Structures are given as structure tokens and as C-alpha cells.
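So the chains spell out like this:
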Amino acid sequence: MKQQLIFTNDVGGALDRLVAELRPSSVYVVADSNTARLVVPRLASASEAVAGAKTVEVAAGDTNKNLESLAALWSFFNTSGATRSSLVINVGGGMVTDMGGFAAATFKRGMRFVNVPTTLLSAVDASVGGKTGINFNGCKNEVGVFAESEAAVISTVFFDTLSREEMLSGYAEMLKHGLLEDRRTFAGLLDYHPEADGDRLLDLLRASVGVKERIVSADLHEHGLRKALNLGHTAGHAFESFAMTVRQLPVPHGYAVAWGMVVELVLSKMLLGFPSDLLHSYAAYVRENYGVFDITCRDYPALLSAMSHDKKNDRSDRINFSLLADAGDVRGDSVVDSETIKAAFDIYCDLMGI
Ligand code: GLY
């Protein structure tokens, strides 16, 4: 992976050092309406590069990760004289790093960019690993490219602007990385609460991003190993889209992943002998911190249908999962039939006390 990962709470200093090293012709900051107000002024007072940069703002929220906002970024770069040697600093959550990265990677056939994630979710996931893009025609991340940032400057200093829900949403991806790593890492994460203590969180974050870094270094373009990062996401996306379209009560992405991982660990136990003690401790942690996504057997057909539309499937009559034989022992491309998935939903309901 060419992307430098810099873990520091002196984000301004790190950005100034990067700009001195990269010597861009000009510096741009891409922010959304929240980070432009809450984060960019803090960064500008700590970094000469940010203070002197041209800032462009897009409306916050994943629904604005679209062609119109992308065109507005290109237009700003075009009319303000950006060149291929300019540098873009993306300041925000996954929406900003995905779209700002895509805008930079495509303008003038590619400007360099740096990510400054401001949410736990983007620090641990979106800002690292080179996936950039926008939503298109109602499909999430439908258009994009793999393009790595020069660096991600990862800190916990901006997390004071986040709600408990946003912290927990990001922590679900850390739990996923713990499961992909080994029992000890996973147990350490179950022993911690993301709001507990900021200093320890930066260390946990470093370890967690390290798991993703190792996977992405081996398989940037997701031909094989990187599919492990989809753990929890097949069932999680089904919960997320069911909540949005059927119940019209959207749930945060990380919560859907946390619940989806319960279903997928049940499948892992049924099909690969994943250890019961880990499944039960994880389900208890999720129930206590994330609550329960309530389903009944009447919802199973809609959930199965949502799963079969997932872009990870190559055929609609079989559903692909990344499952685990144990913590750290991933089996990608596990194809599961619908009767087995329904049985896993039954066990999910039992474990969640539904
Ligand atoms: N968020 C999963 C990945 O980066 O591959």
C-alpha cells in the first residue's frame, strides 16, 4: 500500500510536514457543511497549509455523494486554477473522503490527495485502502476508482464532535477487524467501550487500521483476500436497506453491520464450527451497546431478497458471505442457501432476545 498512515493528534503539524514533502503547486481543502464549520477552522489555526488553502464545501450527508456535488468539485478546481501538481486535503467522514478522493483522482487525470478522517468510521475504514467514488442511479458507490491517497492522518481529536451513535457505528468496523485478526485482539475490543478513554482509542485505532492495511496491501483491487472486509456486510446491508425501504426508519451503517455480524457469526458456527463462546460474547456486547434490530419470520423473505441484490453476488439464487472458522480464520466466498440463512435468522432472534 503506497498510502502513508500517520497516527497523531497533532494533525496540523502532520499536514504541514506532508505539504513540505509533497511540494504541491497549490493546496485545496474539501469539506462538508459540518466539517467546514467545526473542523476546518481548528485545522487552519494549527496548519499554515490549511490556512492558505482554497476550501470547497459540499452539502453533508451520503445522499449528496452524487454527480452534482462531484461536478461542483471539478468545477471549483477548474475555475480556481488547480493543476495536476495541486494537492487536495479531504476533511470529513467517508462521504467526503470517497467523493473528494474520486474528484482528485479524476481531475486532470489525477491530482494527489490526503485524507483527514473526522469520524471513527472513516478513520478505521473509508479513509484507508483506496476506494473512492459516488452513488449513482440509486446505487451506493456505483461509480468510482481505486486510488490511494498519499496519506491518511488519523487522530481522535475531532471525535468530540461525534454523537454516541456515530462512535458506536465506527466501533462496529473495529470489532470486525478484531474478528479478522485473532482472539486476543477481538477480546480486547469487547473489553472496551469507544467512549471510555480517548488515549487508549488511538492505540486501538492504530491496531485496527493495521489489520485493514495488511489486507489491502495484499489485495488492493479486491480479487480475493480483501473480500474478508465484507464480514457482517451481506446481512448488514440487508438490515440497512430493509430499515430504509420497508420500515422507512433508517439505521446507522455501523449498527447494521454489528447486527449483520451476529447473523454471519451464527452462519459461521453452523457451517464452519466458529466457537460458541465467541459468538455468545459478541452477541451479548451487541445487545448491550447497539440494542436489537427487531425481526420476525414474516420479514425473512424481504431480507433474503435484499441480500440477493447485493453486488457481491454473481447469481441471484445464491448468496455469498465472508465467514469465519475462528477469529482470524476467514473463508471468503462461502455460498449459503436460503433455508440455512432462515435458520440463522431464527438463532439471531434467540440470541438477541427477540
Ligand atoms: N470497506 C471495505 C473495504 O474497504 O474493502
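Residues numbered from 1 in each chain as written. Predicted model: local features only at pLDDT ≥ 70, side-chain atom pairs only at ≥ 80, totals over all residues. Heavy atoms only, no water.

### Things to note about the nonpolar core
- Ranked by size, the top nonpolar core spans 77 residues in total, and within it L175, F239, W259, Y282, Y290 and Y348 carry the most contacts.
- Ranked by the residues each element gives to this core, the list is headed by helix α12 (residues 253–272), at 11 residues.
- Excluding residues within four positions of it along the chain, Y290 makes contact with L168, Y171, A172, L175, G254, Y255, A258, W259 and Y285.
- Among the nonpolar cores identified, the runner-up in size contains 25 residues, and I6, V11, L22 and V116 belong to it. (Core = buried A, V, L, I, M, F, W, Y, C linked by side-chain atoms within 4.5 Å. Buried < 20%, exposed > 50% of the residue type's maximum accessible area, 1.4 Å probe, protein only. Helix = DSSP H or I, 4+ residues; strand = E, 2+ residues; numbered from the N terminus. Contact = heavy atoms within 4.5 Å.)

### With respect to the packing of helix α8 (residues 164–181) against helix α13 (residues 276–290)
- The contact between α8 and α13 brings their axes to 12 Å, and the two run at 165 degrees. One finds that α8 runs roughly antiparallel with respect to α13. Remark: the crossing between α8 and α13 carries left-handed chirality. Contact residues: α8 offers R164, L168, Y171, A172 and L175, while α13 offers Y282, Y285, N289 and Y290.
- Its residues assigned to classes, the contact of α8 with α13 shows 7 nonpolar, 1 polar and 1 charged. (Axes fitted to C-alpha atoms, helices over the stretch in contact; angles between N-to-C directions. Parallel < 35°, antiparallel > 145°, perpendicular 65-115°, else oblique. Left-handed = near helix turned anticlockwise from the far one by under 90°. Nonpolar A, V, L, I, M, F, W, Y, C, P; charged D, E, K, R; others polar.)

### Section: the site of the ligand
- Taken together, D125, K131, K212, E222, R226 and L229 make up the full set of residues near the ligand.
- In the model, a nitrogen atom of the ligand is placed 3.0 Å from a nitrogen or oxygen of the D125 side chain.
- Residue K212 places a side-chain N or O atom 2.7 Å away from an oxygen atom belonging to the ligand.
- Calculation on the ligand without its partners gives an accessible area of 200 Å², and the protein chains cover 87% of this total.
- When grouped by side-chain class, the residues that make up the shell around the ligand number 1 nonpolar, no polar and 5 charged. (Near = heavy atom within 4 Å. Polar contact = N/O pair within 3.5 Å; in protein donor to acceptor, adjacent residues only side chain to side chain. Areas by Shrake-Rupley, 256 points an atom, 1.4 Å probe, with all protein chains shown as cover.)

### Regarding the pattern of salt bridges
- Scanning all chains against the criterion turns up 15 salt bridges.
- Residue E222 is joined to K131 by a salt bridge in which the shortest nitrogen-to-oxygen separation is 2.6 Å. Of the two residues, E222 sits in the loop between α10 (198–218) and α11 (233–245) while K131 sits in strand β6 (residues 131–136), which places them 91 residues apart along the sequence.
- Across the salt bridge formed by K176 and E173, the nearest N and O atoms sit 2.8 Å from each other. Of this pair, K176 and E173 both sit in helix α8, 3 residues apart, which is roughly one turn of that helix. Both residues of the pair, K176 and E173, count as buried.
- Taken together, the shared-partner salt bridges connect D62, K65, D98 and K140 into one network. (Salt bridge = Lys/Arg side-chain N within 4 Å of Asp/Glu carboxyl O.)

### Section: the environment of A238
- Looking at the secondary structure, you find A238 in helix α11.
- Given a relative accessible area of 1%, A238 falls into the buried group.
- For the pair A238 and Y290, spaced 52 residues apart in the sequence, the C-alpha separation amounts to 17 Å.

### Brief notes about the sheet that holds strand β5 (residues 112–117)
- If you walk across this open sheet you meet the 6 strands as β1-β8-β5-β4-β2-β3, and the pairing is parallel. Edge positions in the open sheet fall to β1 (4–7) and β3 (54–58), since each of these has one partner strand only. Going from strand to strand, the sheet's axes swing by 20 degrees on average, the running direction of each strand aside.
- Across 5 bridges, strand β2 (residues 27–32) lies against strand β4 (residues 87–92) in parallel orientation. Within β4, the residue paired with V30 across the bridge is N90.
- Lying over the sheet, helix α1 (residues 11–22) contacts β1, β2, β4, β5 and β8 (151–154), oriented at roughly 175 degrees with respect to β5.
- Sheet strands in contact with helix α5 (residues 67–79) are β2, β3 and β4, and its direction is about 165 degrees off that of β3. (Pairing = 2+ DSSP bridges.)

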